[in-house]
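Secondary and tertiary structure notes
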Amino acid sequence: MITNTVEYEKAEQELRDLQNRLELLQASHPIGSKGFAKAGIRKMVARLHEELALYEGSEEARESESGSSPADLVSPN
């Protein structure tokens, strides 16, 4: 579970790495080859998407509780 921005950034990097790995695997192995490896990578990607979404949702909840929204943080310039 992601609990801070450092872990969030690490998870984003891991997600990019997994997506690149999947693309390479798909390019080098045709359909029907390495299917379990591809499925495993897709499952890890899905898990990371869920964790990132949970963290983003919790950040939004914290911001709304404190009375500020992301729009309040944007400079008008």
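Bear in mind the structure is a predicted one, so any value in this text is a computation, not a measurement.

1. A look at the nonpolar core
Counting twelve residues, the largest nonpolar core consists of Ile-2, Tyr-8, Ala-11, Leu-15, Leu-18, Leu-22, Leu-25, Ile-41, Val-45, Leu-48, Leu-52 and Tyr-55. Sorting elements by how many residues they give to this core places helix H1 (residues 5-28) first, with six residues. Those residues in contact with Tyr-55, other than ones at most four positions away along the chain, are Ile-2, Thr-3, Asn-4, Thr-5, Tyr-8 and Arg-62.

2. Side note on the confidence of the model for the chain
Averaged over all residues, the pLDDT of the chain equals 86, while 86% of them reach at least 70. Counted against residues more than four places away or in other chains, residues 73-77, with its pLDDT under 50, gives zero contacts.

3. Details of the packing of H1 against helix H2 (residues 35-66)
As a packed pair, H1 and H2 sit with axes 10 Å apart at the nearest point and diverge in direction by 155°. As summarised for this structure, H1 and H2 are arranged roughly antiparallel, according to the angle between their axes. In the crossing of H1 with H2, the sense of the turn from one axis to the other is left-handed. Residues Thr-5, Tyr-8, Ala-11, Glu-12, Glu-14, Leu-15, Leu-18, Gln-19, Arg-21, Leu-22, Leu-25 and Gln-26 of H1 touch H2, and the partners they reach there are Ala-37, Lys-38, Ile-41, Arg-42, Met-44, Val-45, Arg-47, Leu-48, His-49, Leu-52, Tyr-55 and Glu-56. In terms of residue class, the contact of H1 with H2 is made up of 13 nonpolar, four polar and seven charged.

4. Section: the environment of Glu-50
Within the fold, Glu-50 resides in helix H2. Separated by 49 residues in sequence, Glu-50 and Met-1 place their C-alpha atoms 9.6 Å apart.

Rules used in this analysis
In this numbering scheme, every chain counts its residues from 1 along its sequence in written order. Only residues with pLDDT of at least 70 are given local features in this predicted model, and only at 80 or more are side-chain atom pairs given and counted; all residues enter the totals for whole chains, interfaces and linings. Excluding hydrogens and water, the side-chain values take into account all heavy atoms of the structure. Buried Ala, Val, Leu, Ile, Met, Phe, Trp, Tyr and Cys residues form a nonpolar core when they are joined through side-chain atoms within 4.5 Å. Burial classification: accessible surface area is computed with a 1.4 Å probe over protein chains only, and a residue below 20% of its type maximum counts as buried, one above 50% as exposed, and the rest as partly exposed. Runs of E in the DSSP output that reach at least two residues are strands. Runs of H or I that reach at least four are helices, and both are numbered from the N terminus. Whether two residues are in contact is decided by their heavy atoms, any of which lying within 4.5 Å being enough. Scored between 0 and 100, pLDDT is the confidence that the predictor attaches to each residue. Axis definition: a line fit to C-alpha positions, over the contact stretch in the case of helices; interaxial angles, taken between N-to-C directions, run 0 to 180 degrees. Here the word oblique covers every angle except those under 35 degrees (roughly parallel), over 145 (roughly antiparallel) and from 65 to 115 (roughly perpendicular). A clockwise turn of the near helix away from the far one marks a right-handed crossing, whereas an anticlockwise turn of less than a right angle marks a left-handed crossing. Residue polarity follows a fixed list, in which Ala, Val, Leu, Ile, Met, Phe, Trp, Tyr, Cys and Pro are nonpolar, Asp, Glu, Lys and Arg are charged, and the others, Gly among them, are polar.

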